Amino acid sequence: MQPEFEPERYKQRFSHDQEQAEAGYYRVKFPESQIQVELTATEYTGLQRVEFPPKEGLKWILIDLKHRDALLSSSLKIIRFENHRRTPTEQAMGQ
């Protein structure tokens, strides 16, 4: 059984005053959630960084794998900050 997904629930408004765009780089901050997203790309790779505000509780990232190009390989690196120290966790996906 697939979980029910409600796209309207996850929409975020943004202002062009809160974004920066140039060749190979894009950054935006969503005012309601205070989440900042940075995207960068080269000819063969793309990276994204998501910064959540320092609130307690779970943080989620939804990735739409249905609307994309063919996946050649991927990896996911989660960096958590605990007591002001980085704790990296890396998980290889779909090699």
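Numbers given for residues are sequential positions, taken from 1 along each chain in its written order. The predicted origin of the model limits local features to residues at a pLDDT of at least 70 and limits the giving and counting of side-chain atom pairs to 80 or more, whereas totals for whole chains, interfaces and linings rest on all residues. As a convention, hydrogens and water are excluded, and side-chain values are obtained from all of the structure's heavy atoms.

Our next topic: unusual backbone geometry. Trans peptide bonds make up most of the peptide bonds, and negative phi angles are found at most residues other than glycine. At Q34, a residue that is not glycine, the phi angle is positive and equals roughly 65°. You can see Q34 is positioned in the loop between β2 (25-30) and β3 (35-41). Here a helix means four or more residues in a row that DSSP labels H or I, a strand means two or more in a row labelled E, and each is numbered from the N terminus.

Below, the discussion takes up the side chain of E38. By the secondary structure assignment, E38 is in strand β3. N or O atoms closer than or at 3.5 Å make up a polar contact, with two conditions inside protein: a donor-capable atom paired with an acceptor-capable one, and, for residues adjacent in sequence, both atoms drawn from side chains. Of the polar contacts made by the side chain of E38, one reaches the side chain of Y25; its length is 2.4 Å. At 2.6 Å, the side chain of E38 and the side chain of R49 are in polar contact.

Relative to the elements of secondary structure, Q12 occurs in the loop between α1 (7-10) and β1 (19-22). When the C-alpha positions of Q12 and P31 are compared, they lie 8.5 Å apart, and in sequence the two are 19 residues distant. In this description, contact between two residues means that some pair of their heavy atoms is separated by no more than 4.5 Å. Setting aside chain neighbours within four positions, we find Q12 in contact with F30 and S33. A polar atom in the side chain of Q12 sits 2.9 Å from the side chain of S33.

Consecutive residues of a regular strand have side chains that alternate between opposite faces of the sheet. Bridge analysis of β2 against β3 gives 6 bridges, and the strand direction is antiparallel. Note on β3: the bridge partner recorded for F30 is I35. Strand pairing follows a simple DSSP-based rule, namely that at least 2 bridges must link the two strands. Here β2 folds back onto β3, and the loop between the two strands holds 4 residues, one of which, Q34, carries a positive phi near 65°. Sheet analysis places β3 next to strand β4 (residues 46-51), joined by 6 bridges and oriented antiparallel.

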